[in-house]
Amino acid sequence: MPSPISTNTIDLFFSGMFMRELRFIGLAFLGFAIKVLSSFLNFSTILSHGLSFLVCSVLTLNSASYSMDLAKPPENIITNSLNTTVEKTLSDNLRVKTTTQQLAINNQPIIKNGDDWWLPSWVNPLPDVVSFNVPNPQVPFQTLDVVTLRWRDVNPQEGVYDWSILQKALGQTNNIYVRFLNSDVIHCPIWLSSKYPSLKPFNIGSYQDDFNITSAGFFYPMWHPEFQQEFKKLLQSFKAQNFASHPHLKFFYIPGAWQWGEFNPEVIQPLFVAEGLTPSSLLTWFRGLIDAYVDAFGTINAYKLVYTDQDILYNFNDAVDWEIAIDRNPSGYVVSKGGSTRFGLLAKYNFVATDMPNYGVSVVDIGTGKYMIVDDNAPLIADPKRIIGSETVQFGGSTIPLSSDPALVENQYRMTALKNLQLRVNVLMSTTAEYWNAQPALHTYMLNSLGKHYYDSPDAWADLREAEDVYQQGVHWNLGDHSKWTIRNLERWLIQREVAPDGNTVATNLVTLPVQYNKISYEARRTDHQNGSDYIYFGVDDKFIKGGTNNIQIKVTYLDNNSASWGIQYNAANGNSYKKSSLVSNTNNNQWKTATFAISDAAFINRQNGNMDFRIFNGGQQDLTVRFVRVIKLQPPS
């Protein structure tokens, strides 16, 4: 568990020069502020730090909030937050931090324009959960480096192995991960073709490799017996050096084919067919290759082997017999041998990476919808040593073009981050500083969330949406499933479900993007007042919170597009299954906002309709549109 260490930030509720001056006046009236506010405010968080005073200056009318690092000049404003942290120098050697958890006068919800990515001050990022392609000074403490090796450099002559590049990297301070390129002719030893004239390469198209060299795209058939023989000798040399046990080696990409080391059996299926080989032959070769890697690393370090393909059903150009025979066996075998995985293209967040049972994520039909259910007990997720990696490097290119609408660009970044977190990604690789720094508040939140489990996460959330996964629909169509693969929601220990008769919702907020296979989605859900559904129901994972008296916040991001007055009804510790919060009064300015509800007595014991824990009530007069809901623990898990 992370220790409850406060962050060095100060968040102030002031707008304009006059308001910034007022913050200093507020500090001067410390004693008076305590007397006035003490009857309204919940001091449990402050008391848990052993503090006896509170400074809080709040202006709620059209206020802007700023977050400043006290160690930096005032112009370094990097996040928006409603948390207030005041650091007071008591002596040369003692500095005390006082944190107020988004306090509200008379327990009224606090409203913030746009998204609110606030987390409590005790939350800290895990080490080496982000790897930048070049160092990012905005995130100096994330220092995981990549080392790219070519077989030809390690094995320049037959029987000669030179691991000096890897040895030098492991001798540095930073941890590393390795990309090993071993199938492109330009990455393989020159002597290989002269020793084995029958080893004929095949072409899959030119590309720019990791060294910015244009390759014609000729690759050796790794299943060729003589290729296998030499490659296994290479792995035995690696094993003899005991590299896998080195503490600085965090993980190693496998199997090393094809373009950029991205494995895909669809690439080689036509060659197997041309040679008269069967799906069983492909699986036999693949398992032997994985076994050779596991032998080189040892069972205890097998978690460092990161498989560079998805857990999917393959299309094989509609060759159904191959689709059925190969099934999900490659990814399943890697996981069964203790290995890890890495996702690509999660910026296409509607596409492919939805139904992956070997990776602990399955699409399940519930009522009239399909939902992604994440199994926290799945081996890949339950073992904190295993890597669940992701690469996010192609924003703005031809593969992931950005929208011309800044609001939709923000949505692309937001949904990509949430998709990574929903899949329990614990390492984000090959990240660009430009991408990261474009959304600092979102990515700081992401940084603090990567790699967390239900037992150490500060929050649980549900993103309300729906979109069609055209890839999954295609491969399942071949197998006789002709249903629409429209997936609802992204969820992380908080679920939203349709609950009859008063909790049915409607997809809304249509978004269209210029990204192939990721163009159309509905990025919110609303109540259906016209048909008698005035509620949106939510269930908190029992592993995250169940029972007791819990001091939490619930944040609701909603569209302020009418004059509704709405609120939350929740399972309270006193046995009231539908205890009411204070209400939010909409202003009908058609802006996305986030309302923060402070709740000190949440029980969440599944006592509402449909075994849910809380619901949002639209007020009974007009519909409410919601896109994101978070439940935040205000104290660190014990």
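Calculation notes
- Residues numbered from 1 in each chain as written.
- Predicted model: local features only at pLDDT ≥ 70, side-chain atom pairs only at ≥ 80, totals over all residues.
- Heavy atoms only, no water.
- Helix = DSSP H or I, 4+ residues; strand = E, 2+ residues; numbered from the N terminus.
- Contact = heavy atoms within 4.5 Å.
- Areas by Shrake-Rupley, 256 points an atom, 1.4 Å probe, with all protein chains shown as cover.
- Patch = residues over 30% accessible without salt bridge, like charges linked within 9 Å, V, L, I, M, F, W, Y side chains within 5 Å.
- Salt bridge = Lys/Arg side-chain N within 4 Å of Asp/Glu carboxyl O.
- Buried < 20%, exposed > 50% of the residue type's maximum accessible area, 1.4 Å probe, protein only.
- Axes fitted to C-alpha atoms, helices over the stretch in contact; angles between N-to-C directions.
- Parallel < 35°, antiparallel > 145°, perpendicular 65-115°, else oblique.
- Left-handed = near helix turned anticlockwise from the far one by under 90°.
- Nonpolar A, V, L, I, M, F, W, Y, C, P; charged D, E, K, R; others polar.
- Pairing = 2+ DSSP bridges.
- Expected span 1.5 Å × (residues − 1).
- Core = buried A, V, L, I, M, F, W, Y, C linked by side-chain atoms within 4.5 Å.
- Phe/Tyr/Trp six-rings, centres within 6.5 Å; stacked < 30°, edge-to-face > 60°.
- Lys NZ or Arg CZ within 6 Å of the ring centre and 35° of its normal.

Draft legend 1. Focus on the overall build of the protein chain. If you tally the helices and strands in the protein chain, you get 16 helices and 33 strands. Look at the contacts in the protein chain between residues 6 or more apart in sequence, and 76% of them connect residues 24 or more apart. Roughly 26000 Å² of accessible area belongs to the protein chain as shown, and the carbon and sulfur atoms make up 53% of that amount.

Draft legend 2. How the structure looks around a nonpolar patch on the surface. Taken together, the side chains of Val364, Ile366 and Ile373 make up a nonpolar region of the molecular surface, amounting to roughly 180 Å² of accessible area. Take Ile373: it is sitting in strand S18 (residues 369-374).

Draft legend 3. Spotlight on the pattern of salt bridges. By the definition in use, this model includes 34 salt bridges. Close ionic contact of Asp295 with Lys239 constitutes a salt bridge, the shortest N to O distance being 3.2 Å. Here Asp295, found in helix H9 (residues 279-297), pairs with Lys239, found in helix H7 (residues 225-240); they are 56 residues apart in sequence, far enough to count as distant. Residue classification places Asp295 among the partly exposed positions, given a relative accessible area of 35%. Of the charged contacts in the structure, one is a salt bridge between Asp365 and Lys370, with a shortest N-O distance of 2.9 Å. Of the residues examined, Asp365 reaches a relative accessible area of 54% and is grouped as exposed.

Draft legend 4. Quick peek at the packing of helix H8 (residues 265-274) against H9. As a packed pair, H8 and H9 sit with axes 10 Å apart at the nearest point and diverge in direction by 130°. As judged from the angle between their axes, H8 and H9 are oblique. Classified by chirality, the crossing of H9 by H8 is right-handed. When H8 is examined against H9, the residues Pro265, Ile268 and Phe272 are found in contact with a partner set consisting of Ser281, Leu282 and Trp285. Residues belonging to the contact of H8 with H9 are distributed by class as follows: five nonpolar, one polar and no charged.

Draft legend 5. The arrangement of the pairing of strand S32 (residues 614-617) in detail. Pairing analysis gives four bridges linking strand S26 (residues 535-540) to S32, with the strands arranged antiparallel. Following the sheet pairing, Phe538 is matched in S32 by Phe614. Judged from the four bridges that link them, strand S28 (residues 565-570) and S32 form a sheet pairing that is antiparallel. Residue Tyr570 lies in a different strand from S32, and its bridge partner there is Phe614.

Draft legend 6. Spatial organisation of H7. Compared with an ideal rise of 1.5 Å per residue, which puts 16 residues at 22 Å, H7 spans 23 Å between its outermost C-alpha atoms and is within 8% of the ideal. Buried residues along H7 sit against helix H4 (151-154), helix H5 (164-170), strand S9 (176-181), helix H6 (191-195), strand S14 (249-254) and H9. Of the residues trailing H7, Asn242 is marked for its positive phi of about 60°.

Draft legend 7. Region of the structure containing the nonpolar core. Counting 114 residues, the largest nonpolar core has Phe180 and Phe238 as its most contacted members. It is H9 that provides the largest number of residues to this core, a total of 11 residues. The next biggest cluster of nonpolar side chains, apart from the first, holds 30 residues, and it includes Phe597, Ala602, Leu624 and Val629.

Draft legend 8. Spotlight on the packing of aromatic side chains. For the structure shown, the criterion picks out 51 aromatic pairs. With a centroid separation of 4.7 Å and 20° between ring planes, the pair formed by Tyr177 and Phe251 is classed as stacked. Separated by 74 residues along the polypeptide, Tyr177 in strand S9 and Phe251 in strand S14 bring together distant segments of the chain. Considering the side-chain rings of Phe252 and Phe297, the 5.4 Å spacing of their centres and the 70° angle between planes classify their relative orientation as edge-to-face. Placement of Phe252 in strand S14 and of Phe297 in helix H9 is noted, with a sequence separation of 45 residues between them. Judged on exposure class, the residue Phe252 and its partner Phe297 are both buried. In this structure an aromatic cluster arises from ring pairing among Trp151, Trp163, Phe180, Tyr220, Phe227, Phe231, Phe238, Phe243, Phe252, Tyr293 and Phe297. The cationic tip of Arg497 hangs over the ring face of Tyr371; the distance from NZ or CZ to the ring centre is 4.0 Å.

Distances and angles like these do not, on their own, reveal function.
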